[in-house]
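Overview (structure and organization)
Take a look at the letters that make up each chain.
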Amino acid sequence: MVQITNLDEPADLTVWCVGPRSSKAVEPVAFSTLRAALREARKVLKMPGLAPWITTADGLILTPAWLAAYTAET
């Protein structure tokens, strides 16, 4: 698993609608900290048919699978 070194850097959260007939994303939402984006992604993971993706200011892309594993650990 990728190690997060700076939870205070800015990050964008994009939520994709997933399913057999859908693969549509909403516009990214900017968060002032990665910590805040992770909190919101945790909520999205609980919603069926939605997949959160986070991109950090450093260019790191956190996939839905990574986010699920991360939230399971914390």
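Refer to the structure printed above.
Below is a summary of the structure that appears in this document. (Residues numbered from 1 in each chain as written. Predicted model: local features only at pLDDT ≥ 70, side-chain atom pairs only at ≥ 80, totals over all residues. Heavy atoms only, no water.)

Some thoughts on the overall build of the protein
Helices and strands together make up the secondary structure of the protein, namely two helices and five strands. Starting at the N terminus, the α and β elements of the protein follow one another as β-β-β-α-β-β-α. Taken over the C-alpha trace, the protein has a radius of gyration of 12 Å; the compact-globule value for 74 residues is 11 Å, and the two agree within 12%. Looking at the protein as a whole, 31% of its 74 residues are labelled buried. At a minimum sequence separation of 6, the contacts of the protein that also span at least 24 residues come to 53%. Across the protein, the mean location of the 7 positive side-chain charges is 12 Å away from that of the 7 negative side-chain charges. (Helix = DSSP H or I, 4+ residues; strand = E, 2+ residues; numbered from the N terminus. Rg over C-alpha atoms; globule rule 2.2 N^0.38 Å. Buried < 20%, exposed > 50% of the residue type's maximum accessible area, 1.4 Å probe, protein only. Contact = heavy atoms within 4.5 Å. Lys, Arg positive; Asp, Glu negative; His and termini not counted. Charge placed at Lys NZ, Arg CZ, Asp CG, Glu CD.)

A word on the packing of aromatic side chains
A complete count under the given rule lists one aromatic pair for this structure. Centre to centre, the rings of Trp66 and Tyr70 are 5.0 Å apart; their planes meet at 10°, and the pair counts as stacked. Of this pair, Trp66 and Tyr70 both sit in helix H2 (residues 64-73), four residues apart, roughly one helical turn. For Tyr70, a relative accessible area of 18% puts it in the buried group. (Phe/Tyr/Trp six-rings, centres within 6.5 Å; stacked < 30°, edge-to-face > 60°.)

Topic: the pattern of salt bridges
Counting across every chain of the model gives two salt bridges. With a shortest N-O distance of 2.6 Å, Asp8 and Arg35 are connected by a salt bridge. With Asp8 in the segment before strand E1 (11-19) and Arg35 in helix H1 (residues 34-45), this pair connects stretches of sequence that are 27 residues apart. Close ionic contact of Glu40 with Lys43 constitutes a salt bridge, the shortest N to O distance being 3.6 Å. Of this pair, Glu40 and Lys43 both sit in helix H1, three residues apart, roughly one helical turn. Given a relative accessible area of 48%, Lys43 falls into the partly exposed group. (Salt bridge = Lys/Arg side-chain N within 4 Å of Asp/Glu carboxyl O.)

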